[in-house]
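# Notes for the structure review
These are the residues of each chain, in order.
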Amino acid sequence: MAKVLGFLVLALSVLNCEAAIFKPISDSHRSAALELFTPAHGSLSSLEETYEALRTFEVLGIKKQPDQRAATCVTVGDTLSSPTSALKDLFQALRVNGLLNCELNKKTLADIAPRLKDVVKSASSLLDYYYSVGSLVLIKGLNSDVDVHLESADSVVRSIKALSQSDGRWRYSSNNPESSTYAAGIALESLAGVISLASSEIDQSLISMVKSDISKLLDGLEKYDDGAYYFDEKLADAHGHQGPLSASSAVVRGITAFAAVSAENLNLPGDKILGLARFLLGAGVPGNAKDLYYQIEALASLENNRVSIPLILSLPTSVLSLTRKDQLKVNVNTVLGATAPSLTVKLKQIFSSGSKDASVIDQDLKFDHKNGVHYLDALPKDIDVGNYIFSFEIVLHDSEHKMIYATGGRTKVPIYVTGVIIVDNAEISVLDSDLGNIETRKKLDLAGKNSISLSANHLQKLRLSFQLTSPLGNALKPHQAFLKLSHESKVEHIFVVGNSGKQFEIILDFLGLVEKFFYLSGRYDIQLTVGDAVMENSFLQPLGSVELDLPEAPEKAARPPPQAVDPSSRFGPKAEIAHIFRSPEKRPPSNLSYAFLALVLLPFVGFLVGLLRLRVNLKNFPTASAPAAFAILFHLAIVAVLSLYSLFWLKLNLFTTLKALGFLGIFLLFVGHRTLSHLASTSAKLKSA
């Protein structure tokens, strides 16, 4: 069986075209959220991070999350009840409370509202408006009894509008001349909050000016070739460096928030709203928690809004096999993966790789109600293996849905059609150099095993030929077709196999290759590599060997390059060392050993006899508690030393014994000194008495 090339990946056939696959939020985002928002030491570092984590979990539908409600609610209560809490902290605490529903004292919210109203009246920066107005909106949602209405809403709108620029962007304050797209997003959110808090209807001319600002802002959108739109933010300010993801997210949240409270229809282009959704989804799974929150929060704003709800066309797989007769399947969902309304997906055109010409299909895909998938029974008959661009169009059944959902016209998606390639008429020959006559010819089975053996000299040639045919009988030109000759000294030579139509052929003229081969005669292993991303049976096939007889190398001929040292030979396991131990010496008779043991014990017996002759008694044993303890430890230490000697005789080695004896000796010296000092002092007192 042919070996599939591991290094042939789908990336080899990336198309140079305006097409991409965007997929709604998936389980990868949920796994990333649980990993990125993992609290350190039991809790997140701030209320802002806590809100971002809780909001992300809520949008993604993650039920299993770290239980920090009790500790977080304590922090929320302390922040809201403290008169010295910063404006931003109050805002974040109210946002967290909106998700956790902490049990707050109603008087706490009533005390905060007047302070926030005063900030709105005297605010001088955009962030002050954002935090104060946002906090009042949150209090309004928590407790309708608290008075949060703004009496002079028109003047507040004018104050915020004064920070806007002619291109639709906003400044953070009147003292800051630079404008920011991210600031435009939070300005629109602030204006939406002012409208919802207004005690009377806002002047419609102000609403019209804001609508004009939104249109100007959308005119500054950047566009990718795949249809994704984004805002390029280059301003780095006190709020931190804002990139395209955070800026685009802020504007999306601002536009959808303003549209939710505006009585008028903003009439925004659906293709740009869909393009923003494609950009947010095209970011994949962000690698940090902040970017993940920006992405998920913006997509949640697009999921259900009054502007335009994007519909995302995606494919479960972009690789279809002709051999397995795979069906073309298409999914249409919202950005968060919700079911789309009743619609039809049309396959309009199919573009071939590297060609601007397209075949017109205009075929409706069938809908599988059980699995919610649009599918095509079979690919068009003229579709062979290769790279294609499929052009789809979404047609909504209900005319009212056209005002609600954004489909974006035609969507181009890259499709890779694969199949088993027929490899036949494979043969290898040795030719005569002068007339080209075939001296040796061998048939090859490139789908099986080959072990041919050839011989040639420098006046002959080696020819290899085979054919590659697609499932529809067309010629296939693979990405890789190499012939490798490896000398027994590990010197390798690789040649590209050329083709003319279906026929692939390579001829090696050894007379012209003697210098390239470094005049090395001997055996050369032959290996053929053929592979392509659309070829399901790519192979790396050993063919056999050829014995080359080349002339002797001239004196000034190039030498083979030094071969790389195999790391396993230097750092791998070494050969096992077989060591033969010396035969043990012959032991003496057991009787002699016992006699020697008796001689060793004889001094100890003499020691005991000496103690008896000296009439040893315990009359001088200390009676006081501390001296008695030292005396007992002294005797125990002596016993321990004697026991250590016994262990050395039975099983311990010299080094272990000396190490233990060192510790015991120091201990014995200490307790012995204390014991003998006590006896000496006692004796001196008796003599003086």
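All values derive from a computational prediction rather than experimental measurement. (Residues numbered from 1 in each chain as written. Predicted model: local features only at pLDDT ≥ 70, side-chain atom pairs only at ≥ 80, totals over all residues. Heavy atoms only, no water.)

### A look at the overall build of the protein chain
Put simply, the rule reads: Secondary structure is summarised from DSSP: a helix means a run of H or I of at least four residues, a strand means a run of E of at least two, and numbering begins at the N terminus for each. In this treatment the radius of gyration is a C-alpha quantity, and the globule benchmark scales as 2.2 Å times the residue count to the 0.38 power. Exposure is judged per residue with a 1.4 Å probe applied to protein chains only, and the accessible area is read against the type maximum: over 50% gives exposed, under 20% gives buried, and values in between give partly exposed. Contacts between residues were defined by any pair of non-hydrogen atoms, one from each residue, lying within 4.5 Å. Computed with the Shrake-Rupley method and a 1.4 Å probe, the accessible areas treat only the protein chains shown as cover for residues. Note that His is not counted, nor are the chain ends; the positive residues are Lys and Arg, and the negative ones are Asp and Glu. The location of each charge is read from NZ of Lys, CZ of Arg, CG of Asp or CD of Glu.
Looking only at helices and strands, the protein chain features 17 helices and 27 strands. Here the C-alpha radius of gyration of the protein chain, 43 Å, is well above what a compact globule of 689 residues would show, namely 26 Å. Across its three principal directions, the C-alpha atoms of the protein chain cover 125 × 105 × 55 Å. For the protein chain, the residues scored as buried account for 44% of the 689 residues in total. Considering only intrachain contacts with a sequence separation of at least 6, the fraction spanning at least 24 residues in the protein chain is 70%. With the model as given, the accessible surface of the protein chain reaches about 38,100 Å², and the carbon-plus-sulfur share is 55%. Charge separation in the protein chain, taken as the distance between the mean sites of 67 positive and 68 negative side-chain charges, equals 12 Å.

### Notes on the nonpolar core
Rules: Within this scheme, the nonpolar core is defined by two criteria: the residues are buried Ala, Val, Leu, Ile, Met, Phe, Trp, Tyr or Cys, and they are joined through side-chain atoms within 4.5 Å. Note that the domain bounds reflect an automated or database-derived domain assignment.
Formed by 101 residues in total, the largest nonpolar core has its most connected members in Ile160, Trp170, Ile214, Ile255 and Phe258. With eleven residues, the single largest contributor to this core is helix H8 (residues 181-197). For this core, the two domains that each supply at least three residues are domain 1 (5-9 + 25-307) and domain 2 (312-418). In this structure, isoleucine 214 is in contact with Leu188, Ile255, Phe258, Leu266 and Leu268, ignoring residues within four places of it in sequence. In this structure, Ile452, Ile526, Met535 and Leu543 belong to the second largest nonpolar core, which totals 43 residues.

### Things to note about the layout of surface pockets
Let me state the cut-off plainly: Put simply, the grid is 1 Å and covers the protein atoms alone, a cavity is a trapped set of points that fit a 1.4 Å probe, a pocket is an open set with protein on both sides within 12 Å along at least five of seven lines, and lining residues have an atom within 4 Å of a point. Grid points are joined across faces, edges and corners, and a volume is the space filled by probe spheres set on the points. The residue classification treats Ala, Val, Leu, Ile, Met, Phe, Trp, Tyr, Cys and Pro as nonpolar and Asp, Glu, Lys and Arg as charged. All others, Gly included, are polar.
By volume, the largest pocket amounts to about 700 Å³. Around the largest pocket sit 24 residues that line it, and Tyr51, Val137, Glu189, Ala257 and Glu297 are the ones nearest its centre. Taken together, the residues that form the lining of the largest pocket break down as eleven nonpolar, seven polar and six charged.

### Some words on the pairing of strand E15 (residues 386-396)
Filter applied, for reference: The rule for pairing is simple: two strands pair if DSSP sees at least two bridges between them.
For E15, the buried fraction is high: nine of the eleven residues fall into the buried class. Bridge analysis of E15 against strand E17 (residues 410-418) gives eight bridges, and the strand direction is antiparallel. Directly across from phenylalanine 392, in E17, lies its bridge partner threonine 411.

### A look at the sheet that holds strand E26 (residues 522-531)
Short version of the rule: In this description, a line fitted to the C-alpha atoms serves as the axis of each element, helices being fitted only across the stretch in contact, and the angle between N-to-C directions of two axes falls anywhere from 0 to 180 degrees.
Strand order in the open sheet formed by five strands is E20-E27-E26-E22-E23, with mixed pairing between adjacent strands. Since the sheet does not close on itself, it has two edges, and those belong to strand E20 (452-457) and strand E23 (492-496), each with one partner. Here the average twist between neighbouring strands, direction ignored, is 25°. Pairing of strand E22 (residues 480-487) with E23, which is carried by five bridges, proceeds in the antiparallel orientation. Bridging from a neighbouring strand, serine 486 pairs with glutamate 492 of E23.

### Considering the side chain of glutamate 233
What counts here: The salt bridge definition used is simple: a Lys or Arg side-chain nitrogen within 4 Å of an Asp or Glu carboxyl oxygen. N or O atoms within 3.5 Å of each other form a polar contact, as long as, within protein, one can give a hydrogen and the other can take it, and as long as residues adjacent in sequence are counted only when both atoms are side-chain atoms.
The residue glutamate 233 is located in the loop between strand E4 (229-230) and strand E5 (236-237) in this model. In this structure, glutamate 233 is buried with no salt-bridge partner, the nearest side chain bearing the opposite charge being arginine 169 at 4.5 Å. A distance of 2.8 Å separates a polar side-chain atom of glutamate 233 from the backbone nitrogen of tyrosine 182. In this structure, glutamate 233 is in contact with Arg169, Ser180, Thr181, Tyr182, Gln242, Gly243 and Ala247, ignoring residues within four places of it in sequence.

### Some points on the pattern of salt bridges
A complete count under the given rule lists 23 salt bridges for this structure. A salt bridge links aspartate 213 to lysine 161, with the nearest nitrogen and oxygen atoms 3.1 Å apart. Of this pair, aspartate 213 sits in helix H9 (residues 204-219) while lysine 161 sits in helix H7 (residues 153-161), and the two are 52 residues apart along the sequence. Comparing aspartate 213 with lysine 161, the two get one shared label, buried. A salt bridge links arginine 324 to aspartate 326; the shortest N-O distance between them is 3.2 Å. For arginine 324, a relative accessible area of 56% translates into the label exposed. Salt bridges linked by common partners bring Glu427, Arg441, Lys443, Arg463 and Glu505 together as one network.

### What to know about the sheet that holds strand E11 (residues 343-352)
Spatially, the five strands line up as an open sheet ordered E9-E17-E15-E11-E12, and their pairing is mixed. Edge positions in the sheet fall to strand E9 (319-321) and strand E12 (358-364), since each of these pairs with one other strand and no more. Recorded for the sheet is a direction-independent mean angle of 30° between the axes of neighbouring strands. Sheet topology note: the E11/E12 ladder contains five bridges and is antiparallel. Opposite leucine 347, over in E12, you have glutamine 363 as the bridge partner.

### Things to note about the domain arrangement of the protein chain
Considered domain by domain, the protein chain is made up of domain 1 (5-9 + 25-307), domain 2 (312-418), domain 3 (422-553) and domain 4 (620-681). Summarising the inter-unit geometry, the C-alpha centres of domain 1 and domain 3 are found 65 Å apart.

### Some remarks on the environment of isoleucine 422
With respect to the element layout, isoleucine 422 can be found in strand E18 (residues 422-432). It is 68 Å that separates the C-alpha atoms of isoleucine 422 and tyrosine 131, two residues lying 291 residues apart in sequence. The contacts of isoleucine 422, once residues within four sequence positions are left out, are Gln467, Leu468 and Thr469.

### Structural notes on a nonpolar patch on the surface
In plain terms, the rule: Nonpolar side chains (Val, Leu, Ile, Met, Phe, Trp, Tyr) are joined into patches within 5 Å and like charges within 9 Å, using only residues with over 30% relative accessible area and no salt bridge.
Together, Tyr594, Phe596, Leu597, Val600, Leu601, Trp649 and Leu650 make up an exposed nonpolar region whose accessible area comes to about 800 Å². Sorting the residues of the nonpolar patch by element identifies helix H15 (590-613) and helix H16 (625-650) as the ones contributing at least two each. Among the elements that make up the nonpolar patch, the one with the highest residue count is H15 (five residues). You can see tryptophan 649 is positioned in helix H16.

### Examining the environment of glutamate 552
Take glutamate 552: it is sitting in the loop between strand E27 (539-549) and helix H14 (567-571). Glutamate 552 gets classed as exposed once you look at its relative accessible area, which sits at 73%. The spatial distance from the C-alpha of glutamate 552 to the C-alpha of glycine 512 is 15 Å, given a sequence separation of 40 residues.

### Describing the confidence of the model for the protein chain
Short version of the rule: The pLDDT value expresses, per residue, how confident the predictor is, ranging between 0 and 100.
Looking at the protein chain, pLDDT values average 88 and 93% of them are 70 or higher. Counted against residues more than four places away or in other chains, residues 1-17, with its pLDDT under 50, gives 38 contacts.

### Focus on the pairing of strand E21 (residues 460-469)
Strand residues, when the strand is regular, have side chains that alternate between the two faces of the sheet. Most of E21 is tucked away: eight of the ten residues are buried. Where E18 and E21 come together, nine bridges link them in antiparallel fashion. Looking at the pairing, leucine 431 lines up with lysine 461 of E21. Sheet analysis places E21 next to strand E25 (residues 503-509), joined by seven bridges and oriented antiparallel. Bridged to leucine 462 within E25 is leucine 508.

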